[in-house]
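Okay, here's what each chain looks like letter by letter:
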Amino acid sequence: MEQIIKVNDIKIFYRTLVKRKGSKKLTHLLGKRRSNFCALQGISFDITPGEILGIIGTNGSGKSTLLKALGGIIKPDSGSIEVAENTRVSLLALASSLMTEMPGRDNIYLIGLQLGFSREEIEAQFNKIVEFADLGSFIDKPVRTYSSGMRSKLSFSIAVHLTTEVILIDEVLSVGDVAFRQKSYQKMKELITDDKHTVIIVSHDMGRLSTLCDRVLWLDKGQLVMLGEAKEVVSKYQQKYAATEQKGIQSEIKAPRPIEVIPSQNGLVVCWNTVSEATGYIVYRKKEKESYKRVGIVVGTQTDKFEDNNVSPGETYTYTIRAFRVYNGITDRSSVFAAGISGTVPQKNSN
Amino acid sequence: MKDLFKNCKKYWNFCCYSAYCHLSSDISSMRLGWLWWVAEPLLFMAVYTVVFSVVFNRNMTYLMAYISCGLMMWNFFQRCVLNSVSLVKHYSGLLHRVYIPKYILIFSTLLYEAFKMFISFMIVMVFMVYYRIPLSFTTLQFIPVLVTFFLFTFGCCVWLLHLGVYLPDIKKITSVCLKVLFYLSGVFFSLDNRIKGDFGSFLLRVNPVGRLLHEARNALLYNTNISVRPVALIFVMAVILSVSGIFVVTRYEQHYIKVS
């Protein structure tokens, strides 16, 4: 069978700023020096139509960069990526790809048109997208008013309904709440098993990758370590990293720092600094002189806010955040900032 | 060039819908909604009319139509240029999902601003009727001036889109340069009559925006034939600017995400 994507010895560099060596005053004066960081170092592989390819590797191994290159969003600095003619490629990532000032409705049409769908094709899928994302009347409100979960759901729903020939999925197998996660997993399975789509998935969920994928590609520090049958590669990867991960889990995950609490239409939105190795965040809340109680869990390394709707107008609440990570079924949690951060729910207008 | 036309056709619906979304977002975010599209040019025209006639104690034939025409074209140029500096950042959400030629984003911005310009043009037309300015063959000469103006704006935008990705300070620099250009383009006064000595005619020779504003007024308001040579020269310059800009953007656009 002819390949739908052919990757030939690609190399991708990022320009970064690094600290200069020498005395503090001199380095401060001169600023940081530019340096090249090689994210991918000579990767080659082929993908056949209808194939499901998983990509695994530790953080910073080049998985997301590879997906962006396959989607044509980043151009390799050397080597080439050949995509079969009339093949549309789209990338589904957890980082929001929505226009925040526009309503969800306009975002659906914009993304659809950008992907090359006609207005009629988008209209045919529109109700399904809204229903799947479970947004209700929010579909006509600007995306900036959505919670991070709602944004992820809409983003995911668009991607699984307006499907291109090649779908690239970047760590989104755990979107939204538990119910939505099950629904999204089922939808992904449907997409994957219908043979019409070629899917490339980046995930840390080894169990799901072994069941969903035909082949798995293992990356480490930008280099291809192994490419082969899913179960074999996953098992080799787990063997190598089991010991390291067990060791790594003993070093405590960094605590996310709460930044601010903003009043929203329905309550309060608490924002924090993300932590690179986190799988998700647990949000705790307390009223004055009370102890902290857990009010929500959000999944995703880049998720940096949580909307708390279960609050009373005029009350002041203090929030603190804890990050957690999951390695091979073992969950590790960070400490919390004891001081927390406070915000008052605005009084509702009697008019 | 073949790809340019192919992509324009492919993404035409995206361009139109994106412009429509921005327009409807404008309406929904303001209490007066679309009325601002009419009120804004009228209010600015009133301000400059007062500044010109009362503060500077000057007068001119068809003053309100003159200022409206200048503001119509200047506002289009200024907004397009300023928006294009941060265009990649503004659309970064969409750009992280799927590849799209970046110059398409400029077309979308031009369409959005062209709609607002069209409303301002209606206001100019109302003033033309008010002043009983006759329509003739020379009025049609406004069309080539407008085409050249669009192409010149596109050329500036495409270069600024590219520079805006790599030089974060370019937005501030552009704002300052636009302010200078505003006063050197005769938006609310005549460059050749109001500036003493040869400096006015010098500005008309070296400032494409000032020249195009001057020629547009000549065609629309004063029934005077446009100067073909300078307009043709600006057209050639705009083509070079646009083609080279598209070449540079096409070459580097897939590196933008690494930077932005």
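Here the structure is a predicted model, which is why all the values come from computation and not from measurement. (Residues numbered from 1 in each chain as written. Chains lettered and ligands numbered in written order. Predicted model: local features only at pLDDT ≥ 70, side-chain atom pairs only at ≥ 80, totals over all residues. Heavy atoms only, no water.)

> Would you mind going over the packing of aromatic side chains with me for this structure?
The geometry of two aromatic rings is summed up by the distance between their centres and the angle between their planes. Residue and element names in this part refer to chain B. Applying the stated criterion across every chain yields a total of 28 aromatic pairs over all chains. When the ring of Trp37 is compared with that of Phe115, the centres are 5.4 Å apart and the planes differ by 80 degrees; the resulting orientation is edge-to-face. Taken together, the positions of Trp37 in helix 3 (residues 35-55) and Phe115 in helix 7 (residues 103-130) put the pair 78 residues apart, joining distant regions of the chain. With relative accessibility at 35%, the residue Phe115 sits in the partly exposed group. On the numbers, 6.3 Å between centres and 40 degrees between planes, the contact of Phe77 with Phe149 is tilted. With a gap of 72 residues between them, Phe77 in helix 4 (residues 63-85) and Phe149 in helix 8 (residues 142-166) connect regions that are remote in the sequence. (Phe/Tyr/Trp six-rings, centres within 6.5 Å; stacked < 30°, edge-to-face > 60°. Helix = DSSP H or I, 4+ residues; strand = E, 2+ residues; numbered from the N terminus. Buried < 20%, exposed > 50% of the residue type's maximum accessible area, 1.4 Å probe, protein only.)

> Looking at this structure, how should I read the nonpolar core?
Side chains that are nonpolar tend, in soluble globular proteins, to be buried together. Within the largest apolar cluster, 131 residues are counted, with the highest numbers of intra-cluster contacts made by A:Leu154 and A:Ile200. Counting 28 residues, the second-largest nonpolar core is a separate cluster that includes A:Leu191, A:Ile201, A:Cys213 and A:Tyr237. (Core = buried A, V, L, I, M, F, W, Y, C linked by side-chain atoms within 4.5 Å.)

> Can you walk me through the side chain of B:Ser185 in this structure?
Tracing the backbone through its elements, the reader meets B:Ser185 in the loop between helix 9 (170-184) and helix 10 (191-194). A distance of 2.6 Å separates a polar atom in the side chain of B:Ser185 from the backbone oxygen of B:Leu181. (Polar contact = N/O pair within 3.5 Å; in protein donor to acceptor, adjacent residues only side chain to side chain.)

> Teacher, can you tell me more about the packing of helix 4 of chain B against helix 8 of chain B here?
To characterise two packed helices, one gives the angle between the axes of the helices and the distance between these axes. Residue and element names in this part refer to chain B. Orientation of helix 4 relative to helix 8, taken along the N-to-C sense of each, is 20 degrees, at an axis distance of 7 Å. In this view, helix 4 runs roughly parallel relative to helix 8, as classed from their interaxial angle. The handedness of the crossing between helix 4 and helix 8 is right-handed. Across the interface between the two elements, Met72, Met73, Phe76, Phe77, Cys80, Val81, Ser84 and Val85 from helix 4 touch Phe142, Phe149, Phe150, Phe152, Thr153, Cys156, Cys157, Leu160, Leu161 and Gly164 from helix 8. Along the lines of polarity and charge, the residues of the contact of helix 4 with helix 8 split into 15 nonpolar, 3 polar and no charged. (Axes fitted to C-alpha atoms, helices over the stretch in contact; angles between N-to-C directions. Parallel < 35°, antiparallel > 145°, perpendicular 65-115°, else oblique. Left-handed = near helix turned anticlockwise from the far one by under 90°. Contact = heavy atoms within 4.5 Å. Nonpolar A, V, L, I, M, F, W, Y, C, P; charged D, E, K, R; others polar.)

> What am I meant to see in the sheet that holds strand 10 (residues 258-263) of chain A here?
Working definition: the strands of a sheet are paired by backbone hydrogen bonds and lie parallel or antiparallel to each other. Residue and element names in this part refer to chain A. As summarised here, the arrangement of the 3 strands in space is 10-11-14, forming an open sheet in which the pairing is antiparallel. The strands lining the two open edges of the sheet, one partner per strand, are strand 10 and strand 14 (305-308). Between one strand axis and the next, the sheet turns through 20 degrees on average, direction left out of account. Where strand 10 and strand 11 (residues 268-272) come together, 5 bridges link them in antiparallel fashion. Bridge pairing in strand 11 places Val261 opposite Val270. (Pairing = 2+ DSSP bridges.)

> Where do I start with the interface of chain A and chain B in this structure?
One frequently used descriptor of interface size is the decrease in accessible area upon assembly of the parts. At the junction of the two partners, chain A supplies 28 residues and chain B supplies 23 residues. Roughly 2,600 Å² of surface becomes buried between chain A and chain B when both sides are summed, with 61% attributable to carbon and sulfur atoms. When residues of chain A are sorted by the area they lose upon contact with chain B, A:Ile73, A:Met99 and A:Gln114 head the list and together hold 27% of the total. Connecting chain A to chain B are 0 salt bridges. The interface formed by chain A and chain B contains 3 residue pairs in polar contact (both at pLDDT 80 or more). Looking at the side of chain A that touches chain B element by element, the count peaks at 6 residues for helix 3 (residues 104-114) of chain A. Taken together, the residues that form the side of chain A that touches chain B break down as 15 nonpolar, 7 polar and 6 charged. (Buried area = accessible area lost by both parts, 1.4 Å probe. Salt bridge = Lys/Arg side-chain N within 4 Å of Asp/Glu carboxyl O.)

> Help me out: how do you make sense of the confidence of the model for chain A in this one?
Any residue range with low pLDDT should be treated as having predicted coordinates unsuitable for detailed reading. With 84% of its residues at a pLDDT of 70 or more, chain A has an overall mean of 81. The lowest-confidence element of chain A is helix 1 (residues 24-30) of chain A, averaging 66 in pLDDT; the highest-confidence one is strand 8 (residues 215-220) of chain A, averaging 91. (pLDDT = per-residue confidence, 0-100.)

> Where do I start with the packing of helix 8 of chain B against helix 12 (residues 208-220) of chain B in this structure?
Residue and element names in this part refer to chain B. Where helix 8 contacts helix 12, the two axes come as close as 9 Å, and the packing angle between them is 160 degrees. Classed by the angle they form, the pair helix 8 and helix 12 counts as roughly antiparallel. Of the two possible hands of crossing, helix 8 and helix 12 adopt the one that is left-handed. From helix 8, Phe142, Val145, Thr148, Phe149 and Phe152 reach across to helix 12, where they touch Pro208, Val209, Leu212, Leu213, Glu215, Ala216, Ala219 and Leu220. Considering only residue class, the contact of helix 8 with helix 12 consists of 11 nonpolar, 1 polar and 1 charged.

> Explain the pattern of salt bridges here, please?
A pair can form between side chains of opposite charge whenever their charged atoms are brought close. All names here are of chain A. One pass over the full model with this rule turns up 12 salt bridges over all chains. Among the ionic pairs, Glu101 bridges to Arg144, the shortest N-O distance being 3.1 Å. Highlighted residues: Glu101 in the loop between strand 5 (89-93) and helix 3 and Arg144 in the loop between helix 4 (119-133) and helix 5 (148-161), separated in sequence by 43 residues. Residue classification places Glu101 among the partly exposed residues on the basis of a relative accessible area of 45%. Taking relative accessible area as the criterion, Arg144 reaches 45% and is therefore assigned partly exposed. Across the pair Asp140 and Arg105 runs a salt bridge whose closest N-O atoms are separated by 2.6 Å. Of this pair, Asp140 sits in the loop between helix 4 and helix 5 while Arg105 sits in helix 3, placing them 35 residues apart in sequence. Judged by its relative accessible area of 45%, Asp140 falls in the partly exposed class. Here Arg105 falls in the partly exposed class, since its relative accessible area comes to 31%.

> How do you make sense of the environment of B:Pro230 when you look at a structure like this?
As for its position among the elements, B:Pro230 is in helix 13 (residues 228-252). Under the relative-accessibility criterion, B:Pro230 is labelled partly exposed at 22%.

> When you look at the environment of A:Ser90 in this model, what are you seeing that I'm missing?
Tracing the chain through its elements places A:Ser90 in strand 5. Using a relative accessible area of 4% as the deciding quantity, one classes A:Ser90 as buried. On a C-alpha basis, the gap between A:Ser90 and A:Thr164 in space is 6.4 Å, while along the polypeptide they are 74 residues apart. Contact partners of A:Ser90, with chain neighbours within four places excluded, come to A:Leu115, A:Thr164, A:Val166, A:Ile167, A:Leu168, B:Arg97 and B:Val98.

> It is not clear to me how the pairing of strand 11 of chain A should be interpreted in this structure. Could you clarify?
Side chains on a regular strand alternate between the two faces of the sheet. Residues and elements named next belong to chain A. Across the 5 residues that make up strand 11, a large majority, 5, are buried. Burial along strand 11 is two-sided: Leu268, Val270 and Trp272 facing one way and Val269 and Cys271 facing the other are all buried. Linking strand 10 back to strand 11 in an antiparallel pair, the connection comprises 4 residues. In this sheet, strand 14 lies alongside strand 11 in antiparallel orientation, the contact comprising 4 bridges. Within the sheet, the bridge partner assigned to Cys271 lies in strand 14 and is Lys305.

> Quick question: what am I supposed to make of the state of the cysteines here?
Linking two cysteines covalently through their sulfur atoms gives a disulfide. All names here are of chain B. Applying the stated criterion across every chain yields a total of 0 disulfides over all chains. For Cys8, which is in no disulfide, the shortest distance to another cysteine sulfur is to Cys15 and amounts to 7.2 Å. Unpaired in terms of disulfides, Cys80 finds its nearest cysteine sulfur in Cys157, a separation of 5.1 Å. Owing to a relative accessible area of 0%, Cys80 belongs among the buried residues under this scheme. (Disulfide = S-S within 2.5 Å.)

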